[in-house]
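Observations on the three-dimensional arrangement
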2 protein chains.
Amino acid sequence: MEPDYARIEEDAVRILDLLCRQPSVSAEGRALDETAELVEELLAGAGFETKQLRADDGAAAVYGDQPGASEYTLLLYNHYDVQPVDPIELWDSPPFEPTQRDGKLYARGTCDNKGELAVRLAVIRALRENGGLPIRVRWIVEGEEEIGSTNFDEIVRRNTEILRADGSLWEGGSARLSDGRPELGLGFKGALGIRLDVKLLATDAHSSLAVVAPSAAWRLVEALSSIRGPDGRCRIPGFYEAARAPTDAEKRALAEASSAEEGELRELLGLDEFVDGLTGPALWERAAYTPTSNIAGIATGYSGPGIKTVLPKEASAWMDFRLVPGQHPDEILTALRAHLGREGFGDVEVTPLVSALPATTPIEHPFVQRVVRVAEAVTGARASIFPLGPATLPIIASLQRHLGVPGLSAPDNPTYSGSGAHAPNEHIRLEDVGPAVRFTYALLQDLAAA
Amino acid sequence: MEPDYARIEEDAVRILDLLCRQPSVSAEGRALDETAELVEELLAGAGFETKQLRADDGAAAVYGDQPGASEYTLLLYNHYDVQPVDPIELWDSPPFEPTQRDGKLYARGTCDNKGELAVRLAVIRALRENGGLPIRVRWIVEGEEEIGSTNFDEIVRRNTEILRADGSLWEGGSARLSDGRPELGLGFKGALGIRLDVKLLATDAHSSLAVVAPSAAWRLVEALSSIRGPDGRCRIPGFYEAARAPTDAEKRALAEASSAEEGELRELLGLDEFVDGLTGPALWERAAYTPTSNIAGIATGYSGPGIKTVLPKEASAWMDFRLVPGQHPDEILTALRAHLGREGFGDVEVTPLVSALPATTPIEHPFVQRVVRVAEAVTGARASIFPLGPATLPIIASLQRHLGVPGLSAPDNPTYSGSGAHAPNEHIRLEDVGPAVRFTYALLQDLAAA
C-alpha cells in the first residue's frame, strides 16, 4: 500500500519543531537531560524499547530497539545536541523558536541534526501504522556530538551486544542537491581540536609597560605563525607524511560527484572564487584529501568599542586540524607539542579538546551499493558519492572498531549546502523533507530483502 | 607664618571624599555634569572666578582664575573623570563610597586624579586664609582624560588668552616614593591606537572548509607577524628612524632616578624579572625611550568553553604604539598602511582610534630646576626625575602647542606605585597626603619670587 507521504512529511516537521524548542547546546551543558527525555519519549511512543546509556560522566545517549519482520538489523545514529548560537545578534528569529519563512524552517538544529532524526522517526511511525517495521531497527541518539562525542566510544564499547547491526546510517548526507541528485558520504576526516594558552603576567598591565614586560598576545601570534605558513601549509614536521592519497575508485567517485552546490556555497561565503581558483572535482579533492590547520578562535585583552590600552596577561587560541586517512590525532598532538618545544614555545600550553580518527567505508561494500541503488531508484537521478567528507564524525571510528558495522551518510537528511550548519539562521528547505521521507521509507523496506 | 599642615591635610581628605562620591566615569558618560558643577562650586568657594569651557560636544572643562600678590601665573591641570570600575566584583568596598582601611583611602579616582585636585584645592584655601595667594593661579579641570582628552585640544585652542601662564603643573608625579624621594615627570610618550580588521567571508563557516576558503584569523595573525618580529622589534620600515635617543642630561637623570618601586611593580605583574633581565636605570631607559608596538586585544571566532569548529568570517586586533619624541602618530599610521600594502595585506583595514604626540619639557628649563629645588628642600631628599614617562598624556602637547607653557608632573600627588590606578581597589596612603600638601604650599610661595 502506497503510504500517505504528505502526512509523513507533516509529521516530520511537527517532530522537528518540538525538538528544536529544546536549547540543547552541549558546549554549554544546556537542556541536555530534558532533550534526552523528550527523545526517549518520542522513541518509546514509536514502539521502541528504550533506555539511556551513559559512560561515567557526560550526557546520556538515548537507545531504542524495535524488532521487525526480517532479521536484518539497521543501526541509526543521530545526536540531539546542537552548536552554540553565538553570534546571537545575527539571527533573524530566536534560535530556539522554530520559524517558517519563505518555505524554510529556521532554528538551531534544524539541519544539524534534528531534521534527519525527525524524518527517520516520522517514517518509522508511518511504517508501524502500515503493518509494522520490515526490519529490526536499533537507534542511538547521543548528546555530545557537537563537543566531539567525548563519551560515545566508551558507551559503544560497553554496549556492543545491544548495538550490533548489519548496516548503519550515520548522520549527514543530503536528500536532494540542487540538481536533484541524492548525496551519500562514505567517510569523514578525523580531527584534533586543541586550545593554546599563554599566561605571562599575574594581571593585565598598563600597555606603557609593553616594552619591559612580556606580551602573551605576541607570544601567541608567534606560536601560531610557527604552526602554519602564509602559503597555507602546516609547518609541523611530519604533518603530511602519513596522509594517504585518494584511490582510483575514490577519484572516480569525486570526478562524478555533483558540483551543483558549489556556486551556492561560494555565494553563501561571499567569495568570488575558492582558494587557488579551485572548482569542480579538483575543489572536492582538495577539500577531502588535504588536511587542515584552522584557527577557530582567538581571545586576548580588550575587544570592545574604542580601545583599552592594556598589555594582556594571557592569550588563548582554539585550533582544529582535520585529518585524512593515515593520520592519527594522537600522533599530530605529539608532533605539535614537539614542534612548539623546538621552536622555543615551551611556555605555550596545549590542551587537547577533541580527538577523532578519520574513517571510511569502502565504496565497493555491498551495503554501500544497495543504498546507492535505492537512492537512485527513488529519485531517478545518479547518486553523488563523497568517499571522504571534509568534516568529522568521530562516531564512525567507534562504530567500526567496536561493532565492525559498515555505514554511510544517506540521503535521508533534509539539508542542503545553504543550510548554515553551526552558523546563524540555520535552516532547512521544507521542500527537501519529501525526498528524505521517500528515500528512508524505501530503504527500510528494501533492506528486508538483504 | 607656619601653616597648620594637619588642618590642610584633613581638608584635602574631606574634599577628596566629596569628589570620590561622584561616579564620574567618562567612558560611560556618568555623572559628568554633576561632577563638573561640584568642581566649579569648590573652585568658586576657594576664590576663583569660574566658568565651564566646552568644545562643540563632549563634557565640560571647569575653568578657574584667581589673581595673587605677584604677576607670576601658574596653570594647574586636572581631570574630574575616572576609569570604569569593572571588574566590580574585585572591589573590597563600593568604588564610589570612599572607605578608610589600614591607613588607606579606597575609592575610584583617589589616586587618578581626584587626590591631587584635593591637595591643590586644600593648599589654595589655606593660602587664602593665610593672607591670600602669592601668585596668580589658573586652573583647568577636564572631564574626558580617561577617554583620550578628545576635546581638550580644541578647548585650549579656543581659550588661549585666559589660559596663558608662566609654568604649568600636569597631573601625575608622586609626593613620596617608598624610599622617601619625591618624583617628577617631564614628559610622556605619544600614542597611536588602531584597530585592524580582516573580513573575508560573508558568514562564519564550518571549519571543514578551511582548506578551500580563506581564513580571516590566519590573515590577521600573518599581518600582525609582519608588524613585529619575535625579537620584539617593530618591522614597519622607518619606525625607529625619527625616534630621538635620550640626551646625556636625560640619561644622567634616569641613572639617578629612584628604583624603589621596581620590585613592587615586578611583584604586581608576577614576574621573576623584566624582559632581558633589565633592572635599575637600564629598565627605565628601555621603558622610556623605546617605542612599543603592543597588541591590546584580539577577537575572532569562538572563544568560550570547549571548542566550536568554525572558520571565522572576520578577525580584529587592537594595537597601541607608544611613541618617543621625534615620532609622529600620523607618520607611523601612514608607514603602517604602506607596510601592510607592500606585504600583501591590502585587505587588512586600519582604523585609527587614538592619536597623541609625545611631548617633554627640557630638564634644563628654569621652571623644572625651580620645582626640583623646592621638592628637595621640602623633603630633604634627592628628587627622582623621569625625563620621559612610558605612558601618554595627550594634554601636554596641547598645552605646549597652543600656550607654549613649560610644565611637569609634580610631587603634589598623594599616590604611589601600588595605588592601582585603573584597577580595582584604587587607593591612596593617607600618609602621602602630608608630603603632597607641604610641597604644594612651598612651591606656590616660591614661584612668587620667579
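Values in this document were obtained by computation on a predicted structure and should not be read as measured data. (Residues numbered from 1 in each chain as written. Chains lettered and ligands numbered in written order. Predicted model: local features only at pLDDT ≥ 70, side-chain atom pairs only at ≥ 80, totals over all residues.)

For the rest of this paragraph, the subject is the overall build of chain A. What chain A contains, in helices and strands, is 13 helices and 19 strands. Taking 450 residues into account, the globule formula puts the C-alpha radius of gyration at 22 Å, and chain A, at 23 Å, falls close to it. Projecting the C-alpha coordinates of chain A onto the three principal axes gives extents of approximately 80 × 45 × 45 Å. A total of 450 residues make up chain A; the buried ones form 57% of that total. (Helix = DSSP H or I, 4+ residues; strand = E, 2+ residues; numbered from the N terminus. Rg over C-alpha atoms; globule rule 2.2 N^0.38 Å. Buried ≥ 20, exposed ≤ 12 C-beta atoms within 10 Å, placed from the backbone.)

To continue, consider the relation of the copies chain B and chain A. Two chain copies here: they are related by a rotation about an axis and a translation along the same axis. When chain B is fitted onto chain A, the two copies agree to an RMSD of 1.5 Å after a turn of 180 degrees and an axial shift of 1.7 Å. Taken together, the rotation and translation describe the operation of a two-fold axis. Of the interface residues in chain B, 95% have counterparts in chain A that sit at the interface too, so the contact is made through matching surfaces. (Least-squares fit on C-alpha atoms with pLDDT ≥ 70 in both. Contact = placed C-beta atoms within 7 Å.)

It is worth spelling out the environment of B:Pro246 at this point. Residues and elements named next belong to chain B. By the secondary structure assignment, proline 246 is in the loop between helix H6 (216–227) and helix H7 (248–256). Accessibility expressed as a C-beta count within 10 Å gives 17 for proline 246, which makes it partly exposed. Between the alpha carbons of proline 246 and tyrosine 63 there is a distance of 35 Å; along the sequence they are 183 residues apart. Residues in contact with proline 246, not counting those within four places in the same chain, are Lys251, Leu254, Glu285, Tyr289 and Pro387.

On to the interface of chain B and chain A, then. The partner chain A presents 69 residues to the 64 residues of chain B that form the contact. At nine residues, the largest contribution of residues to the side of chain B that touches chain A is made by strand E11 (residues 292–301) of chain B. Taken together, the residues that form the side of chain B that touches chain A break down as 37 nonpolar, 20 polar and seven charged. (Nonpolar A, V, L, I, M, F, W, Y, C, P; charged D, E, K, R; others polar.)

Residues and elements named next belong to chain A. Strand order in the open sheet formed by three strands is E4-E5-E19, and the pairing between neighbours is antiparallel. Edge positions in the open sheet fall to strand E4 (99–101) and strand E19 (427–429), since each of these has one partner strand only. Averaged over all neighbouring strand pairs, the angle between strand axes comes to 25 degrees, with direction disregarded. Looking at chain direction, strand E5 (residues 104–106) and E19 are connected through three bridges and run antiparallel. The residue of E19 that forms the bridge with tyrosine 106 is histidine 427. In this fold helix H3 (residues 110–129) packs onto E5 and E19, with an angle of close to 55 degrees to the strand it touches most, E19. (Pairing = 2+ DSSP bridges. Axes fitted to C-alpha atoms, helices over the stretch in contact; angles between N-to-C directions.)

Looking now at helix H10 (residues 329–342) of chain A. Residues and elements named next belong to chain A. If you check H10, its first and last C-alpha atoms are 20 Å apart, about what 14 residues at 1.5 Å a residue would give, namely 20 Å. Turning to H10, its buried residues number three or more, namely Pro329, Ile332, Leu336 and Leu340. For H10, the angular spread of the buried residues around the axis is 70 degrees, confining them to a single face. Turned more than 90 degrees away from the buried face of H10, the exposed residues are Asp330, Gly341 and Arg342. For H10, the secondary structure elements touched by its buried residues are strand E9 (187–199), helix H6 (216–227), strand E13 (314–323) and strand E14 (349–356). (Expected span 1.5 Å × (residues − 1). Arc of directions from axis to C-beta.)

Remark on secondary structure: sheet strands pair via backbone hydrogen bonds, oriented parallel or antiparallel. Residue and element names in this part refer to chain B. Sheet architecture is open: three strands sit in the order E4-E5-E19, paired in antiparallel fashion. At either end of the open sheet lies a strand with only one pairing partner, and these are strand E4 (99–101) and strand E19 (427–429). Recorded for the sheet is a direction-independent mean angle of 25 degrees between the axes of neighbouring strands. The sheet contacts of helix H3 (residues 110–129) involve strand E5 (104–106) and E19, and relative to E19 the element is tilted by about 55 degrees.

Here the focus is helix H7 (residues 248–256) of chain A. Residue and element names in this part refer to chain A. Among the residues making up H7, those that are buried are Glu250, Ala253 and Leu254. Take H7 and look down its axis: the buried residues cluster within an arc of 100 degrees, on one side only. Across from the buried face of H7, at angles greater than 90 degrees, the exposed residues are Asp248, Ala249, Ala255 and Glu256. On the buried face of H7, the contacting elements are helix H9 (280–289) and strand E16 (384–386).

Before going further, it helps to examine the domain arrangement of chain A. All names here are of chain A. Splitting chain A by domain gives domain 1 (5–186 + 361–449) and domain 2 (189–256 + 279–356). A separation of 31 Å is found between the C-alpha centroids of domain 1 and domain 2. Counting residues at the interface gives 13 residues for domain 1, matched by 17 residues for domain 2. The set of elements that each furnish at least two residues to the side of domain 1 that touches domain 2 consists of E16 and strand E17 (389–392). It is E17 that provides the largest number of residues to the side of domain 1 that touches domain 2, a total of four residues. Along the lines of polarity and charge, the residues of the side of domain 1 that touches domain 2 split into nine nonpolar, three polar and one charged. (Domains from an automatic or database assignment.)

Right, let's get into unusual backbone geometry. Residue A:Pro87 is reached from A:Asp86 by a cis peptide bond, and omega for that bond is 0 degrees. Tracing the backbone shows A:Pro87 in the loop between strand E3 (73–79) and E4. Following B:Asp112, the chain continues to B:Asn113 via a peptide bond in cis, the omega torsion being 15 degrees. Not every positive phi belongs to a glycine, and A:Asp102 is a case in point at roughly 55 degrees. Its place among the elements puts A:Asp102 in the loop between E4 and E5.

As a further point, take the packing of helix H11 (residues 366–379) of chain B against helix H13 (residues 433–446) of chain B. Helices that pack against each other are described as a pair by the angle of their axes relative to one another and the distance between those axes. All names here are of chain B. Following both chains from N to C, one finds H11 and H13 inclined at 130 degrees, their axes separated by 9 Å at the closest point. Considering their axes alone, H11 and H13 lie oblique with respect to each other. Like other packed secondary-structure pairs, H11 and H13 cross with a definite hand, here right-handed. Contacts from Arg370, Val371, Val374, Ala375, Val378 and Thr379 of H11 reach H13 at Pro435, Arg438, Phe439, Ala442, Leu443 and Asp446. Here the residues of the contact of H11 with H13 are counted per class, giving eight nonpolar, one polar and three charged. (Parallel < 35°, antiparallel > 145°, perpendicular 65-115°, else oblique. Left-handed = near helix turned anticlockwise from the far one by under 90°.)

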